[in-house]
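# Secondary and tertiary structure notes
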Amino acid sequence: MEINLEEFQTLLSQLTSFDKMYKQVRFVDPVKKEVLFVKHKNQEEIIPVLEPCFGIWGEIDIWINNAGQNTTRMFSWETDGTCTENIIKTNLIGMIYGSQIAATGMLKQGHGAIYSMEGLGSNNMVQPKTILYGTTKHALTYFMRGLAKELEGTNVIAGRLSPGMVLTDFITKTPDGKRSEVFSDEKFRKTFNILADKPETVAKYFVPRILKNLKNDAQIAWLTNRKAAWCFMTAGFRKDRLI
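The rules we used
Residues numbered from 1 in each chain as written. Predicted model: local features only at pLDDT ≥ 70, side-chain atom pairs only at ≥ 80, totals over all residues. Heavy atoms only, no water. Pairing = 2+ DSSP bridges. Helix = DSSP H or I, 4+ residues; strand = E, 2+ residues; numbered from the N terminus. Axes fitted to C-alpha atoms, helices over the stretch in contact; angles between N-to-C directions. Contact = heavy atoms within 4.5 Å. Salt bridge = Lys/Arg side-chain N within 4 Å of Asp/Glu carboxyl O. Phe/Tyr/Trp six-rings, centres within 6.5 Å; stacked < 30°, edge-to-face > 60°. Buried < 20%, exposed > 50% of the residue type's maximum accessible area, 1.4 Å probe, protein only. Lys NZ or Arg CZ within 6 Å of the ring centre and 35° of its normal.

### A closer look at the sheet that holds strand 4 (residues 112-117)
Here 4 strands make up an open sheet; going across it, the order is 3-4-5-6 and the pairing parallel. Either end of the sheet is taken by a strand with one partner, and the two such strands are strand 3 (62-65) and strand 6 (219-221). Here the average twist between neighbouring strands, direction ignored, is 20°. Summarising the sheet, strand 3 and strand 4 pair through 4 bridges and their orientation is parallel. Across the sheet, residue I62 finds its bridge partner in strand 4, namely A113. Against the sheet, helix 8 (residues 199-212) makes contact with strand 3, strand 4, strand 5 (156-162) and strand 6, and its axis sits at roughly 155° relative to strand 6, the strand it touches most.

### Comments concerning the pattern of salt bridges
Note on pairing: side chains with opposite charge can pair once their charged atoms come close. Within the structure shown, the criterion is met by 4 salt bridges. For R145, the salt bridge is made with D217, and the minimal N-O distance between the two is 3.7 Å. In this pair, R145 is assigned in helix 5 (residues 131-150) and D217 in the loop between helix 8 and strand 6, connecting sequence segments 72 residues apart. Across the pair R160 and D217 runs a salt bridge whose closest N-O atoms are separated by 3.4 Å.

### What to know about the packing of aromatic side chains
One pass over the structure, following the stated rule, counts 4 aromatic pairs. Ring geometry for F54 against W63: centres 6.1 Å apart, planes inclined by 15°, an arrangement best described as stacked. Exposure remark for F54: the relative accessible area of 13% places this residue in the buried category. Assessed through its relative accessible area of 9%, W63 is described here as buried. Aromatic side chains Y205 and F206 sit 6.2 Å apart centroid to centroid with 55° between the ring planes, which places their arrangement in the tilted category. Ring-pair connections join several aromatic residues into one group, and the members of that group are Y205, F206 and W222. When the ring centre of Y205 is taken as reference, the NZ or CZ atom of R209 above it lies at 3.7 Å.

As structure tokens, then:
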């Protein structure tokens with residue numbers, strides 16, 4: 001299967017745009033190469049939507065889970081039950097369902113690669129007022145590493161994509177679409193402008209590495225420790241660059 005690098009980069013940058021996750025379903029057109037966006041809720045809803053993907057394309061070489069929902073920045077005990085359930089169902093359960101469907105289909109076809117997007121919490125960092133999100137991403141990393149072990153000896157691999165901080169609606173808006181309080185958090189704004197990048201920048205880095213990777217349990221990371229150190233060394237040139 002031939003994959004156009006530029007088209008894949010465009011699709012991946014779309015996939016990291018949080019606002020599109022709120023679209024319930026947009027079916028895939030294999031000619032126009034559109035991305036399928038699903039807001040994960042429960043197994044009964046997601047499986048009938050995602051399983052036909054293998055029938056639409058015949059084969060799927062690369063499957064990327066970008067299950068990403070946030071909560072309003074507040075302490076865990078202040079977060080209501082609905083928000084708590086939504087973030088766990090989307091970020092964790094939705095990712096697991098997607099991986100299960102992908103693994104089943106790829107094992108049948110005899111090859112494939114499954115990736116999931118890591119985030120705050122995947123590296124054990126604890127950030128107050130974001131621990132529900134961090135909990136789901138910490139669990140995601142464990143699941144994907146475990147999935148990789150379960151797939152050993154097959155022609156299907158599992159890996160993780162670590163984009164670092166990215167400018168999307170996930171950052172700039174609350175889950176209900178309102179302006180995020182991060183704009184008034186000067187400490188966060190300063191750090192974000194130093195370390196973050198636009199989705200298309202990260203996608204351009206990810207895509208060739210995803211296409212070349214044949215290693216099971218690989219982590220493809222954009223914001224490495226070395227890169228973060230360089231960003232802080234050049235912080236004077238990064239003031240107010242994104243938000």
